[in-house]
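Now for the letters of each chain:
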Amino acid sequence: MPYYVYVLKNSVTKKLYKGQTQNLERRLQEHSQSKTKTTSHHAKAWELVYHESFETRERAVSREKYFKSAAGRRFLDKKV
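These remarks concern the structure in this document. Per chain, the residues get numbers from 1 upward, laid out in the order the sequence is written. Only residues with pLDDT of at least 70 are given local features in this predicted model, and only at 80 or more are side-chain atom pairs given and counted; all residues enter the totals for whole chains, interfaces and linings. Hydrogens and water molecules were not included; the side-chain quantities draw on all heavy atoms of the structure.

**Quick look at the nonpolar core**
So the rule is basically this: Think of a nonpolar core as a cluster: buried Ala, Val, Leu, Ile, Met, Phe, Trp, Tyr and Cys residues, connected wherever their side-chain atoms sit within 4.5 Å. Relative accessible area decides the class of each residue, using a 1.4 Å probe on protein chains only: under 20% of the type maximum gives buried, over 50% gives exposed, and in between gives partly exposed. The numbering of helices and of strands both runs from the N terminus, where a helix is a DSSP run of H or I of at least 4 residues and a strand a run of E of at least 2. Residues are treated as being in contact if the distance between any of their heavy atoms lies within 4.5 Å.
Tyr3, Val5, Val7, Tyr50, Phe54, Ala60, Phe67 and Leu76 together form the largest nonpolar core, which totals eight residues. Where this core is concerned, the elements lending two or more residues are strand S1 (3-10), strand S3 (46-54) and helix H2 (57-67). Among the elements that line this core, the one with the most residues is S1, at three residues. The residues contacting Leu76, other than those within four sequence positions of it, are Val7, Leu16, Lys18, Tyr50 and Phe67. Counting five residues, the second largest nonpolar core, distinct from the first, contains Tyr6, Leu8, Tyr17 and Leu24.

**Things to note about the packing of H2 against helix H3 (residues 70-79)**
Let me state the cut-off plainly: Lines fitted to C-alpha atoms define the axes, with helix axes restricted to the stretch in contact, and inter-axis angles between N-to-C directions lie between 0 and 180 degrees. Note that the term roughly parallel is reserved for angles under 35 degrees, roughly antiparallel for angles over 145, roughly perpendicular for angles of 65 to 115, and oblique for everything else. Three classes are used, and their members are as follows: Ala, Val, Leu, Ile, Met, Phe, Trp, Tyr, Cys and Pro are nonpolar, Asp, Glu, Lys and Arg are charged, and the others, Gly among them, are polar.
For the pair H2 and H3, interaxial distance at closest approach is 5 Å and the crossing angle is 85°. Considered as vectors, H2 and H3 are oriented roughly perpendicular to each other. Between H2 and H3, the contacting residues are Arg63, Tyr66 and Phe67 on the first element and Ala71, Gly72, Arg73, Phe75 and Leu76 on the second. A per-class count over the contact of H2 with H3 returns five nonpolar, one polar and two charged.

**Considering the packing of aromatic side chains**
Operational definition: In this scheme Phe, Tyr and Trp rings, the latter by its six-membered ring, pair at centre separations within 6.5 Å, and the angle between planes marks the pair as stacked below 30 degrees, edge-to-face above 60, and tilted otherwise. Counting as a charge over the ring demands two things of the Lys NZ or Arg CZ atom: a distance within 6 Å of the ring centre and an angle within 35 degrees of the ring normal.
Considering all chains together, one arrives at seven aromatic pairs under this definition. Ring geometry for Tyr50 and Phe67: centres 5.9 Å apart, planes at 75°, overall edge-to-face. Placement of Tyr50 in strand S3 and of Phe67 in helix H2 is noted, with a sequence separation of 17 residues between them. The two residues Tyr50 and Phe67 agree in class, both being buried. An aromatic cluster is built from Tyr50, Tyr66, Phe67 and Phe75, whose rings are joined through pairwise contacts. Note that Arg63 overlies the ring of Phe75, its terminal NZ or CZ placed 5.1 Å from the centroid.

The structure is reproduced here in structure tokens:
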């Protein structure tokens, strides 16, 4: 089963949230239902703007860390 790295964008604050999961659909539901503390504020305002899939969790975690770095934020600014 693949692992996913995903990026959500808040339509109100314009902030990005980066995460990784093995079940992307379930994780997006958790965000929209305020089950995730970091995105519960304006829960309905988050939308999926980018995602990638990986064969291993280690690669997904590594990519998530990259997205949280300055270089990764610049990459995402061009994509989203």
